[in-house]
Structure formats: structure tokens, C-alpha cells
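Commentary on secondary and tertiary structure
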Amino acid sequence: MTHTIRYALAAAVLIAGSAFIWATRVQPVVPLQGEAPAAPPAAASADPAPLPDHPAPDFTLAALDGSEVRLASLRGQVVLVNVWATWCPPCRAEMPAIQATYDEYRGQGFTVLAVNFKEDARTVAAYLEEHRLTFPALLDVDGSVGSVYQARGLPSSFFVDRRGVIRAVYRGPMPRGIIEGTVAQLLQEAP
């Protein structure tokens, strides 16, 4: 392959990737000069569904420490619900980016709920310790939350705004730029 073809191919991939990121980003609500800030967009439906602009389906799951965590109790925070498993290579690939974003934004009202799909507490705890992951991990032992969130492929990620509405859904591993960009935009919105 000649250098010209390689450069053309690299440019095409770069343009296509940039277009995808631009098209799937969360749009911030920016008021015009002199206007009062607008409220975040209203949900399109009152029915919970694992889709953008729908309320996030509520769930309660056990954390590794034995406590129970309910998604609805986190209203007022931006939440990344990430359905994953330790045996899933794409899940493992995105974990450092999730951890970096969690470290950067947790003091600003962001949290992660890493919903582990059908694995036991010992396996999950060992994985988190080995990779120094500190965000909350929840155990979906029977797969019920994965089913409600239609996590047919892992990882499946749902960005939930401060009002409890899903604003973005990603199937497959996410690069750090998408995670950080989505979280930063959602944190800028008024509660």
C-alpha cells in the first residue's frame, strides 16, 4: 500500500470517527443572551425504558459490602449505569476510562453504578481489587437488571441525568473522551 493510500485511509477513518462522536454527543442547553436558563429537556415518555429521554428504570441491587443501592436514591446526581462482566474483554478495556472519569468528577455530583451481570461477589471483588477500581459495583446475580435494561451485549452503558432521565445509551466499549464529554455536559445542566 502506498503512503498516499494509507494517509487517505487514515484521514477517512478520522473524519468518520469525528462525525460519529459529534452526532452522538449530548447537547448542552445554552440560553440566548438575556434569557433565563432553560430547564433540561422534558422526558418524551413517563414510562421507564432503557432509551434516551425516558426515565431510567429503577432498581435496587446489593453492593459488594452487603448494602443495598437504589438508583432512584441517587436523584440529583449524574449516574453512569454500566452493565458489565469480568469475563468480557470490551468491558475490561473501558474500565480504566470509567475509573478516570469517576476520579475526576465524583466530587461534582457524578457516580458510577457498575452493574455486574450474573457473577458472584468473590469474582467481582477480586477483579476490582486487582485493577484498583473504586467505583461502586453492584451484583445483578439473576440478570434481572440486565434484562430490564436490555443489555443483550456487554458492556451496555446508560447515562442518567440529575432528574433520573436516560440521556445517552452506548452499546459496546466507550473511549474516555465519550465518557468524560457526556458526564461533563450533564453536570453543567441545572438539576
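Computed from a predicted model, the values in this text were never measured in an experiment.

1. Considerations on the overall build of the protein
On a plain count of helices and strands, the protein comes out with 5 helices and 8 strands. Walking the protein from its N terminus toward its C terminus, one meets helices and strands in the order α-β-β-β-β-α-β-α-β-α-β-β-α. Every one of the 191 residues in the protein was classed for burial, and the buried ones make up 44%. Sequence-distant contacts in the protein: of pairs separated by 6 or more residues, those separated by 24 or more amount to 67%. Summed over its atoms, the accessible surface of the protein is roughly 10200 Å², and 59% of this surface lies on carbon and sulfur atoms.

2. Digging into the sheet that holds strand β8 (residues 165-171)
As summarised here, the arrangement of the 8 strands in space is β1-β8-β7-β4-β5-β6-β2-β3, forming an open sheet in which the pairing is mixed. Looking at strand neighbours, the two that pair on one side only are β1 (54-55) and β3 (68-70), the edges of this open sheet. Two strands pair when backbone bridges link them, and β1 and β8 are joined in this way by 2 bridges, in the antiparallel orientation. Within the sheet, the bridge partner assigned to H54 lies in β8 and is I166. Lying on the sheet, helix α3 (residues 121-130) is in contact with β4 (78-84), β5 (110-117) and β6 (137-140); it crosses β6 at an angle near 155°.

3. Considering the confidence of the model for the protein
Of the residues in the protein, 77% have a pLDDT of 70 or more, and the chain-wide mean is 86. A low-confidence stretch, residues 20-24 stays under pLDDT 50, and its non-local contacts, those more than four residues away or across chains, total 3 contacts. Low pLDDT, under 50, characterises residues 35-44; the predicted model gives this stretch 17 contacts beyond four residues in sequence or across chains.

4. What to know about the nonpolar core
With 51 residues, the main nonpolar core has F59, F110 and F159 as its most contacted residues. When residues no more than four places from it in sequence are discounted, the contact partners of F59 are V69, R70, L71, V81, L113, V115, L138, V145 and Y149.

5. Some details on helix α5 (residues 176-188)
Given a rise of 1.5 Å per residue, 13 residues ought to cover 18 Å, and the 18 Å separating the end C-alpha atoms of α5 matches this to within 8%. Buried within α5 are the following residues: I178, I179, E180, T182, V183, Q185, L186 and L187.

Definitions and cut-offs
- Numbers given for residues are sequential positions, taken from 1 along each chain in its written order.
- Reporting of local features is limited, given that this is a predicted model, to residues whose pLDDT is at least 70; pairs of side-chain atoms are given and counted only at 80 or more, and all residues count toward the totals for whole chains, interfaces and linings.
- Side-chain numbers come from the whole structure's heavy atoms, not from hydrogens or water.
- Where helices and strands are cited, they refer to DSSP runs of H or I of at least four residues and of E of at least two residues respectively, numbered from the N terminus.
- Classification of residues uses two cut-offs on accessible area relative to the type maximum, computed with a 1.4 Å probe and protein chains only: under 20% is buried, over 50% is exposed, and between them is partly exposed.
- The contact criterion used throughout is that any non-hydrogen atoms of two residues lie within 4.5 Å.
- Accessible areas in this description were obtained via Shrake-Rupley with a 1.4 Å probe; residue shielding takes into account the shown protein chains only.
- At least two bridges found by DSSP between two strands are what make those strands a pair.
- Helix axes use the C-alpha atoms of the stretch in contact, all axes being lines fitted to C-alpha atoms, and the angles between their N-to-C directions lie in the range 0 to 180 degrees.
- Confidence scores labelled pLDDT are given residue by residue by the predictor and lie between 0 and 100.
- Here, nonpolar core means buried Ala, Val, Leu, Ile, Met, Phe, Trp, Tyr and Cys residues that are tied together by side-chain atoms lying within 4.5 Å of each other.
- Helix span is expected to be 1.5 Å times the residue number reduced by one.

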